[in-house]
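# Descriptive structure summary
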Amino acid sequence: MAGVTCQEGDENQNQKNATNPSECDDSNKEEKNNRKVNEPQSNGQVSETETVEDEQTHTDEKTKEKTPETTEEPKDKNVVFVQDVGFTIKIQPPGTDPFELQVSSMELVQELHQVLMDREDTCHRTCFSIQLDGTVLDKFCELKTIENLKEGSLVKVVEDPYTMREARHHLRHIRDLLKSVDPSDAYNGEEFFSLSFLNTVTAGDIMTDKKRGKPDSVDCTPPDYIMPDSKDRPLLPLHPGLKDQWGPKCIKVLTYSGWNPPPAHRKLKGDLMYLYVVTLEDKKYHITASPMGFFVNQSTEDEFNFKPASPKHLAHALVDLLCQISPAFKRNFASLLKKRTQKHPFERVATPYQVYSWIAPHLDHCVDYMRASDAFANRIGYEEQIPGQTRDWNEELQTTRELPRQTLPERLIRERAIFKSHSDFVSAAIKGAMAVIDGNVMPINPGEESKMQMFIWSNIFFSLGFDVKDHYKEFGGDAAAYTAPASDLLGVRAYANLDPEGLYTLGTVLVDYRGYRVTAQSIIPGILEREQEQSVVYGSVDFGKTIVTCQTYEDLLKKTAAQLKIKPHKVLNSEDEEITLLSSVDCKGIIGNDKRYYILDLLRTFPADINFLPGAANEIEFNPELKKLGFPLQHKHNLVCLRQELMEAFLEQKYIEFIQIAAYEFQQLRQKKQDKKDDKDKTDEDLKSIERISKIMNDDDSSSQLIEPHKIIQALDPDGQSEETTKNIISKAAKKVGSRSEAGFDVRFNPDVFQPIVRHANPEGDEVRRDKNLIKEASEFLVFQVIPNFISECLTHASSPIDGFTLVEAMHARGINLRYLGKIVDMLDKYPQLSYLQSISVAEMLCRSAKHLFQKHMHSVEPMSVSAAVSHFLNCFLSSFVNPHAQIVADEFQSKNAKRKSKKRSKEGFLGRNHDNEWVLETPKSLWKALQEDLKSHFDFTLECESVDSTVDLFHVQKISVLRSFCMKVGIQVLLRDYNMDNKLKQAFAEEDIVNMFPIVKHNHTKATDAYQFFTSGQTKIQQGNIREGYELINEALNLLNSVYGAMHPEIAACLRLLARLSYVFGDYAEALSLQQRAVLMSERVLGIDHPNTITEYAHLALYCFANNQISSSLRLLYRARYLALLCHGELHPEIALFDSNIGLILHAVGEYDLALKFLEKALSLNKEFYGVKTLKVAMAYHLMARVLSCQGDFRQALQHEKECFAIYKDQLGEDSERTKESSECLKHLTQQAVFLQKKMNEITKGEKNVYLPPLQIATPAMNTILDTLNMINGIELVHFVQLSPNAVAKLRNEILKNKTTQIKDTDQQMKQIDDIVTKEEIKGDGDVNKDDCSRMEVSPDKDGTLTTNSCTALPNGISHPLPINNTIELD
């Protein structure tokens, strides 16, 4: 899409550049860096780009319907054809030889600046211009607009004079270079750096040439801690190679001099600022920054002397000057740059959001004066680029959403701007929230109680998660006040995803930090100048007593109400006036001074969950089956709502019910009218009618909007003979499913029913009763269908959560609230094969309840005791030591007088918290008793255990997994060391083990809509067998994601993973390896080094490494994946069985039979436990063990295992199956070997002469055979192309002509397609395959649930594939 441009889009971008050059400069730098990382340059080819209309032809009809904006106006009005030309230019930096660079005509000159600042030989320069034939090139112009710039042109880099701003920017850039390989920022959670250990695990970059060939020796010895049945879970290997992470030290001190600012007379001479430097040789220098560059002056700490020192050194770049005055700097800086360039670009690019590590090593705190100045400088957002200004976040967020979005280029510019503004807002909100909790921000209402205080920082409004003025007293007090912001964020997300025009939501970020919840919101213009009661023109500010409305808001909310399925309903205010609402009564509409219409307080956007509202039992009769399960339950608060995902699934179910009722009624009517017709005619008509109805049901958008009546009428009665009767049938069906319209399907929910504070216009009427019944049905649907379906998916291994994060993700995706987790655990008691899921679920509940207690625990902690309080809580929660003691801060810093005065002072301290040290009194017994109470009140789960050890024994929960999950939930960073939490004689955690506390952030993630549509369309094409088109669509989605998000984003990692898998299926192993390496690096950077997705990425990369003959790297990656999985959930998990099968098979390939047997035995045991003893996975495990045993010469055991394999294959697949036949042949071979060996042994035993035991002929398995088996156990089969002989072609041609005569209309075209098959070469996995040659790929699940990509043959159009296509390759 780089070649698609829009005239209006270019103008908008230029306007943005002109209005805010600093921001654009930074944005362009990032975009250049992103593009250089992700998009390869064209090789001098000229390719005419496609228009937006051509792009849309790649998507199916469903995708087109989802983007009406692109079809309302002719696209050729806004889109012009351009040519994206790739060519090579020469760049001449000052003082070095010129070099060649491939560029694109679509690039900006600014992107060339970023390339130069990233190259090893020019990275130390910042203040320069790029000139062509003596003319300075504008930074923000595209290369295609520059005259005389062509292939081979020489572009010169010319040093520019410094200004104060350029000098400061240059100094900061040098400082960043000096710490570019230092992981301190990643551990501290600063500057958007994060950890990555892939290249450490693989002992270098796997894409370098030196690792291409087969190594002479393979080190395949696994560490002891990942061996099967090992109970050791060390933490030190989580961060491998720490000693090599730090680069060489180049300089001791580099900071601003105390002689700043220059005196007036020196300013007139051009002095910009002064620097102070201490070299590694302990020499001290004072340096002057001037417009011409940097030089050493004669100043000392005691005397100011601006004169240049002797010998005179003047250098335009500070690095050049330091290299002249310090040989150690020159040597170490060269070494640092070399190490920096060895890093993959993805290891250096900043992430869009800060990623924090829950564990960190001890870091030496070195002197850094610039860091110190930054810490105390008021840096807000882009203030360092725009001095004296703060950003108006609300104006930015709303203005970006108002950008044009008619064409694809406009939407890309808009979504990129939205994402950039939103990510900057999130970063500023995190800084502000931490400053609020740290006590560094003054409240705007200092006279109020501390819990009621509010704050403004950087044009962001901050409030605490407490019940202010008893607003939530009737809903659960502080528990409701804590939950309300999260529910409000879900509402904001729902409205923001609709992206309505004219209706605005606030930028909202939730930050949990040090036990406090802080809500950060953008500020509506003018809201602080008047009372809220005066500002609200729609909704209620006092929970339904005073309700107002506005016609403009009603018109705006009609569209969103239809999309969110909110029913218009009438309520009464305090004066008994009827008010029509199109949202919940809590929703407020405020018109800002900017004349925008804002909605806020969206916490009740979705209907209530009556299963946790005991009061609902007085208004409606509960299902007896629900009562048996204990519903309705009393929750901590009454702000319990159903999730949007559940509402969508429920409406889909209601729509199917609506169609079924209509079809049944119409069939009954037809049966009465057509009694004279025979049964065959009636059956044919019924089938045709059902097919037409199914076509409507397959429309994804059909349940999201009011179904047009004529479509259903046409489907049921295409002849139009009984139109009136058909309308009656539709009306009857609509009434039965609760549709508010008799003309079609339009089911909506009233979010204000079951709210005692709301008075409906006719509370006893049929309409309110139907509204209550509908919500009752939705709650029953959740318990009786959604939750059992989720358990069924886990039973079939369609879903296998790895840890609590993936469990929560899977539940939320299906619309299941976490408060149902206790019920799910009780249901799992019936399924022993899901014991791993029960363990993960119990651990998740424990961590969440512990989080609730931790928040209360931290409210009574004074600032000097934070680390002691946290370590004490961890000891009480996870340590087996029964009597942990708290480490209270020593009193030696206080004088006796101060101690006496402190007793007289109020105990109220930081943020008004009572520092009475209640946390010191916490014991393991009291904590676990409180845990039991919280588990019962929040999850309705009864925990019989009274200690951590009994819980571990009962539910097989790992302490290390609970520690990891808990730290990530509450924001604790512990010291990287091994913790013995089972020691009953010593507490596990000390005060020094608490390294840091980091914020937990929730916000609305912006989406790249067009990229998502391309991605889903690509998946659909793959499902249909059109792999080439699917690959192109997925690749186009990757380009669009890069345009919107930049270089690093989780969605880009998912896209890379799928492209890597497709490349591997095509047989392009090198491309698969390259793509998957990027996916792993990105997953580590943006998700975390031990995130479940990262574990999956490691496993995929291991397979691709093996296919590229990098066996040692493959084993290291699998060892790493198994280790991370052990930390997440332990050995009892289906994923461990898959990892062990892979490890065992590769160890078998390199001849390590003893090690291979240990892993394969564990895989067999786990497969039996989780899949059943008679499944295909178990059969494969038996077969793999038989192969290893036969290589060891143990033919008796090998024969026994192969017999088990053969029995399962015969029972599951039949005697004619290929796998059964292969197993039978293997049995014959093993039997012969066993008989021969036994015969020789008997002869030796009898003492016969000239009889000896021949050496075992053990053939090392071929790598192709091992790779085929790896593909099989991982659910992959490559796409093969079959080369047919002339006789086979003739035979196929005759069969087609004989059997397909009635189906083939154009015989010549068919013959041509058949002839095309002959030209295709058969590929057996050598990687030489053309993606364009593949026409179909079949994806189907095995009987044991494994997703398999079956091999297929390219067939002519019109000839059906021999196997049905029924599943899609989905992202793992």
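Residues numbered from 1 in each chain as written. Predicted model: local features only at pLDDT ≥ 70, side-chain atom pairs only at ≥ 80, totals over all residues. Heavy atoms only, no water.

Further remarks concern the overall build of the chain. In terms of regular secondary structure, the chain is built from 47 helices and 31 strands. A burial count over the chain gives 55% of its 1372 residues as buried. A separation threshold of at least 6 residues defines the contact pool for the chain, and within that pool the share at least 24 residues apart is 71%. (Helix = DSSP H or I, 4+ residues; strand = E, 2+ residues; numbered from the N terminus. Buried < 20%, exposed > 50% of the residue type's maximum accessible area, 1.4 Å probe, protein only. Contact = heavy atoms within 4.5 Å.)

This part takes up the environment of Y504. For Y504, the location among the structural elements is in strand β17 (residues 503-504). A relative accessible area of 13% means that Y504 is categorised as buried. Among residues more than four places away in sequence, those in contact with Y504 are Q398, E402, R596, Y597, Y598 and I599. Only 2.5 Å separates the side chain of Y504 from the side chain of E402, close enough to count as a polar contact. (Polar contact = N/O pair within 3.5 Å; in protein donor to acceptor, adjacent residues only side chain to side chain.)

Once that is clear, we can look at the sheet that holds strand β14 (residues 359-360). Taken in spatial order, the three strands make up an open sheet running β14-β27-β28, and their pairing is mixed. The strands lining the two open edges of the sheet, one partner per strand, are β14 and β28 (994-997). Relative to strand β27 (residues 972-975), β14 runs parallel, the two being bridged by two bridges. Pairing of I359 across the sheet is with V974, part of β27. Sitting on the sheet, helix α29 (residues 866-878) touches β27 and β28, and the angle it makes with β28 is about 105°. (Pairing = 2+ DSSP bridges. Axes fitted to C-alpha atoms, helices over the stretch in contact; angles between N-to-C directions.)

This next bit is on the packing of aromatic side chains. For the coordinates displayed, the defined rule picks out 34 aromatic pairs. Measuring from centroid to centroid gives 6.2 Å for F941 and F955, while their planes differ by 55°, and the two rings are tilted. With F941 in the loop between α31 (924-939) and α32 (948-955) and F955 in helix α32, the pair connects residues that are 14 residues apart, well separated along the chain. The same class applies to F941 and to F955, which are both buried. Taken together, the aromatic side chains of F854, F873, F877, W928 and F966 make up a single cluster linked through ring pairs. When the ring centre of F754 is taken as origin, the NZ or CZ atom of K772, which lies over that ring, is 5.9 Å away. (Phe/Tyr/Trp six-rings, centres within 6.5 Å; stacked < 30°, edge-to-face > 60°. Lys NZ or Arg CZ within 6 Å of the ring centre and 35° of its normal.)

For the rest of this paragraph, the subject is helix α39 (residues 1111-1129). Its 19 residues place the ends of α39 27 Å apart at the C-alpha level, agreeing with the 27 Å of an ideal helix rising 1.5 Å per residue. Of all 19 residues in α39, 18 are buried; the element is thus mostly enclosed. Within two residues after α39, G1130 carries a phi angle of roughly 85°, on the positive side. (Expected span 1.5 Å × (residues − 1).)

A separate point is the packing of helix α42 (residues 1176-1192) against helix α45 (residues 1263-1273). Two elements in contact, α42 and α45, have axes separated by 11 Å at closest approach and are oriented at 160°. Here α42 lies roughly antiparallel to α45, going by the angle between them. Between α42 and α45 the crossing geometry is left-handed. Contacts between α42 and α45 involve K1177, M1180, L1184 and R1187 from the former and T1265, I1266, T1269, M1272 and I1273 from the latter. Tallied by class, the residues present in the contact of α42 with α45 amount to five nonpolar, two polar and two charged. (Parallel < 35°, antiparallel > 145°, perpendicular 65-115°, else oblique. Left-handed = near helix turned anticlockwise from the far one by under 90°. Nonpolar A, V, L, I, M, F, W, Y, C, P; charged D, E, K, R; others polar.)

What follows is about the packing of helix α15 (residues 393-401) against helix α16 (residues 408-437). Where α15 contacts α16, the two axes come as close as 8 Å, and the packing angle between them is 160°. The angle between the axes of α15 and α16 places the two elements in the roughly antiparallel class. As for how α15 packs across α16, the hand of that crossing is left-handed. Between α15 and α16, the residues in contact are W393, E396, L397, T400 and R401 and R414, A417, I418, S421, H422, D424, F425 and A428, respectively.

Attention shifts here to the sheet that holds strand β16 (residues 460-464). If you walk across this open sheet you meet the five strands as β15-β16-β19-β18-β29, and the pairing is antiparallel. At either margin of the open sheet sits one strand with a lone partner, and together these are β15 (454-457) and β29 (1000-1003). Ignoring strand direction, the axes of neighbouring strands in this sheet form an average angle of 25°. Where β15 and β16 come together, four bridges link them in antiparallel fashion. In the sheet register, I456 faces β16, and the bridge partner there is F461.

Moving on to the state of the cysteines. Taken as a whole and assessed by the stated rule, the structure comprises zero disulfides. Not engaged in a disulfide, the cysteine C1205 finds its nearest cysteine sulfur in C1226; these two sulfurs lie 7.9 Å apart. (Disulfide = S-S within 2.5 Å.)

Right, let's talk about the side chain of S849 for a bit. Along the chain, S849 falls in helix α28 (residues 835-858). Every residue in contact with S849, bar those within four places of it in the chain, is listed here: L931, D934, L935 and F939.

Attention shifts here to the nonpolar core. The biggest cluster of nonpolar side chains holds 292 residues, and the ones touching the most others in it are F877, F966 and I972. If near-sequence neighbours (up to four positions away) are discounted, F966 is found in contact with C847, A850, K851, F854, F873, L874, F877 and I972. The next biggest cluster of nonpolar side chains, apart from the first, holds 33 residues, and it includes L178, V296, F333 and L337. (Core = buried A, V, L, I, M, F, W, Y, C linked by side-chain atoms within 4.5 Å.)

Residue N260 is joined to P261 through a cis peptide bond whose omega torsion reads -10°. Here P261 is to be found in the loop between β9 (253-256) and α10 (264-267). Positive phi outside glycine occurs at R514, with the angle close to 55°. By relative accessible area, R514 is classed as buried at 14%. Here the phi dihedral of N1109 falls at roughly 65°; this positive angle occurs in a residue that is not glycine. Relative to the helices and strands, N1109 is located in the loop between α38 (1092-1107) and α39.

Summary statistics for the chain give a mean pLDDT of 81 and a share of 77% for residues scoring 70 or more. Ignoring residues within four places in sequence, the model shows residues 1-83, a span with pLDDT below 50, making 159 contacts including any to other chains. The low-confidence segment residues 891-910, where pLDDT is below 50, has 16 contacts with residues more than four positions distant or belonging to other chains. (pLDDT = per-residue confidence, 0-100.)

One pass over the structure, following the stated rule, counts 61 salt bridges. Two residues, D940 and K823, come together in a salt bridge whose shortest N-O distance is 2.9 Å. With D940 in the loop between α31 and α32 and K823 in helix α27 (residues 821-828), this pair connects stretches of sequence that are 117 residues apart. Residue D940 shares its accessibility class with K823, and that shared class is buried. Within this structure, D229, R1122, E1131, D1140 and K1162 form a network of salt bridges that share partners. (Salt bridge = Lys/Arg side-chain N within 4 Å of Asp/Glu carboxyl O.)

Turning to the side chain of N1004, a few remarks are in order. Within the element layout of this structure, N1004 appears in the loop between β29 and α34 (1009-1024). Excluding anything up to four places from it in sequence, N1004 contacts H422, L489, R493, A496, N497 and T508.

A word on the pairing of strand β20 (residues 536-540). When you tally the buried positions in β20, you get four out of five residues, the bulk of the element. With three bridges connecting them, β20 and strand β24 (residues 588-591) associate as antiparallel partners. Residue pairing in the sheet places Y538 in a bridge with G589 of β24. The pairing of β20 with strand β21 (residues 547-548) spans two bridges and is antiparallel. Bridge pairing in β21 places S540 opposite I547. Hairpin geometry of β20 and β21 is characterised by an intervening segment of six residues between the two adjacent antiparallel strands and by a positive phi of about 55° at F543.

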